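Take a look at the letters that make up each chain.
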Amino acid sequence: MNVLVINAGSSSLKYQLLDTTTHEVKAKGNCERIGINDSFIGHEERGQKSKMDVELPNHRVAVQYVFEILKGAGFDINSIEGIGHRVVQGGWYFSKSEVVTDDTLQKVREVAPLAPLHNYAEADVIEICRDLFPSIGNVIVPDTAFHFNMPEKASRYALPRDVVDKYHIRKYGAHGTSHRYIWYLTHKLMGEKTHKLISCHIGSGASLCAIQDGKSMDTTMGLTPLDGLIMGTRTGTIDPATVFYLYRVGGYSIDEIDTMMNKQSGLRALSDISSDSRDIEQAASEGNEHCQMTLKMFYYRIAQLIAEMAQSMHGFDTIVFTAGIGENSELTRAEVAKELAWLGIKIDVEKNKVRSDEPRIISTDDSAATVLVVPTNEELMIAMDVEDLLGK
Ligand code: ADP
């Protein structure tokens, strides 16, 4: 089945045309700077990349361009049998992917205050697709759905019950589609050897998920993606009273603190040079002490929260590294494993060096748990959901 996967943000729109039978990516691209000046579309098919400078005043024009580009490249638009939409926040409504109806759209908008930069744009794009291509079915794949049914002891916050109920406050988590894919592929590879898996999605945004027999038992992101690990520009977990302190004593506004904690903190703030782990690894190897400490903190937090995830399952048999840093940074995997040596985790130096797009085991035979690198593929997971819901 040919599925178009769309991942819309407030000023961007990523797309991928996938065949769910062969898993082939037929074309993909990104509309950038929608509604801002200097907008463009980067498109890629059959290994050829192109960049088009086009005016993208809004998402409607962007969607129209995507279909025009696909048509121009010779794809039969009528062969697209479904559109899968990544939805960042499914809130208190969605425990799984769903075929879009008017009711779905209304719910995506209703929970949008939890992720305003994403959900409104996503709902708009779904509406545009339904309007422009009424014969193609749409499916939403909420990133939070995988965590929806995690045990209450993990998802509930110790706040007054009336406040929690009124504002729907809980741990929603994120990266659910990636964590679900990691379970799907790892379990396919490892079979009965994997029951308790800790999925480490470590990119610019980063979260861990404890997955027991395919169910999310706990995750490190919270009401929003700010919680948990130290990320590219996010603080991760810090004492929430830091917010009151900065507000009352520092004189910062709530918006300033929001920006500081989401966009100016994490690796960027600690290293003083970059939010990109490659730059920090490089500088650390050249003796930059800030960067050396940044990396120490980064690895320590990952290991610490791996232990936290393990508690939710009373153990673990598998650890998977994925996403930009998890898939590519040999150093991160080696140093996290060193932190976890007291638990009997051992990785093989040579296997850890291998660079590949294939899933692979990197632990030693006598490691207490199997450690793997598994490239994530959220788009494929979304396309497979579309096929499940529309293809049969
Ligand atoms: P997101 O999807 O959250 O934007 P990614 O999963 O693309 O993030 O991850 C981005 C991070 O991955 C960056 O910090 C980048 O440095 C890191 N990364 C990408 N490639 C490599 C590499 N070859 N070696 C080390 N880190 C890498």
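Please read all numbers here as calculations on a predicted model, not as lab measurements. (Residues numbered from 1 in each chain as written. Predicted model: local features only at pLDDT ≥ 70, side-chain atom pairs only at ≥ 80, totals over all residues. Heavy atoms only, no water.)

Here we take up the UniProt feature "binding site: substrate" (unreviewed entry) in the protein chain. Within the UniProt annotation, "binding site: substrate" (unreviewed entry) is assigned to Arg86. Relative to the helices and strands, arginine 86 is located in strand β6 (residues 80-87). Setting aside residues no more than four positions away along its own chain, arginine 86 makes contact with Ile6, Asn7, Glu122, Val141, Asp143 and Ile382. (UniProt positions renumbered as here; feature names shortened; annotations may be inferred. Helix = DSSP H or I, 4+ residues; strand = E, 2+ residues; numbered from the N terminus. Contact = heavy atoms within 4.5 Å.)

Bringing the nonpolar core into the picture now. Among the nonpolar cores identified, the biggest contains 40 residues, and Ile306 and Ile319 are the most heavily contacted of them. Contributing elements (two or more residues each) for this core: β9 (196-202), β10 (206-212), α10 (277-285), α11 (289-313), β12 (318-322), α13 (330-339) and β14 (370-373). Looking at which element gives the most residues to this core, the answer is α11, with eleven residues. In contact with isoleucine 306, not counting residues within four places along its chain, are Ile198, Cys200, Leu208, Ile319, Val336 and Leu340. Residues Ala8, Tyr15, Leu70 and Phe133 belong to the second largest nonpolar core, which totals 27 residues. (Core = buried A, V, L, I, M, F, W, Y, C linked by side-chain atoms within 4.5 Å. Buried < 20%, exposed > 50% of the residue type's maximum accessible area, 1.4 Å probe, protein only.)

Let's shift gears to the UniProt feature "active site" (unreviewed entry) in the protein chain. The positions that UniProt labels "active site" (unreviewed entry) are, in the present scheme, Asp143. As for its placement among the helices and strands, aspartate 143 is situated in the loop between β8 (137-142) and α4 (152-155). When sequence neighbours within four positions are dropped, the list of residues in contact with aspartate 143 reads Arg86, Val87, Val88, Ala174, His175, Gly176 and Thr177. For aspartate 143, the side chain forms a polar contact with the side chain of arginine 86, separated by 2.8 Å. (Polar contact = N/O pair within 3.5 Å; in protein donor to acceptor, adjacent residues only side chain to side chain.)

The next subject is the pairing of β6. Burial of β6 is extensive: seven of the eight residues sit out of reach of the surface. Here β6 runs beside β8; their pairing, made up of six bridges, is parallel. When the sheet's bridge partners are listed, isoleucine 83 is paired in β8 with asparagine 138. (Pairing = 2+ DSSP bridges.)

What the eight strands build is an open sheet, ordered β5-β4-β3-β2-β1-β6-β8-β7; its pairing is mixed. Among the strands making up the open sheet, the edge pair consists of β5 (48-53) and β7 (98-99). In terms of strand pairing, strand β1 (residues 2-8) meets strand β2 (residues 13-19) through seven bridges, oriented antiparallel. Bridge assignment links asparagine 7 to a residue of β2, and that residue is lysine 14. Packing of helix α3 (residues 116-132) onto the sheet brings it into contact with β1, β2, β6 and β8, and relative to β6 it is tilted by some 165°. Together, β1, β2, β6, β7 and β8 form the strand contacts of helix α15 (residues 378-390), whose direction differs from that of β6 by roughly 125°. (Axes fitted to C-alpha atoms, helices over the stretch in contact; angles between N-to-C directions.)

Right, let's talk about unusual backbone geometry for a bit. We note that aspartate 38 has phi near 55°; this positive angle belongs to a residue other than glycine. Structurally, aspartate 38 is set in the loop between β3 (25-32) and β4 (40-45). Residues other than glycine seldom take positive phi values, yet aspartate 272 does so here, at roughly 70°. Relative to the helices and strands, aspartate 272 is located in the loop between α9 (266-271) and α10.

Moving on, we get to the packing of α11 against α13. Where α11 contacts α13, the axes come no closer than 9 Å and their chain directions differ by 55°. The orientation of α11 relative to α13 falls into the category oblique. The two elements α11 and α13 meet at a crossing, and its hand is right-handed. Between α11 and α13, the contacting residues are Leu295, Phe298, Tyr299, Tyr300, Ile302, Ala303 and Ile306 on the first element and Leu331, Thr332, Glu335, Val336 and Glu339 on the second. (Parallel < 35°, antiparallel > 145°, perpendicular 65-115°, else oblique. Left-handed = near helix turned anticlockwise from the far one by under 90°.)

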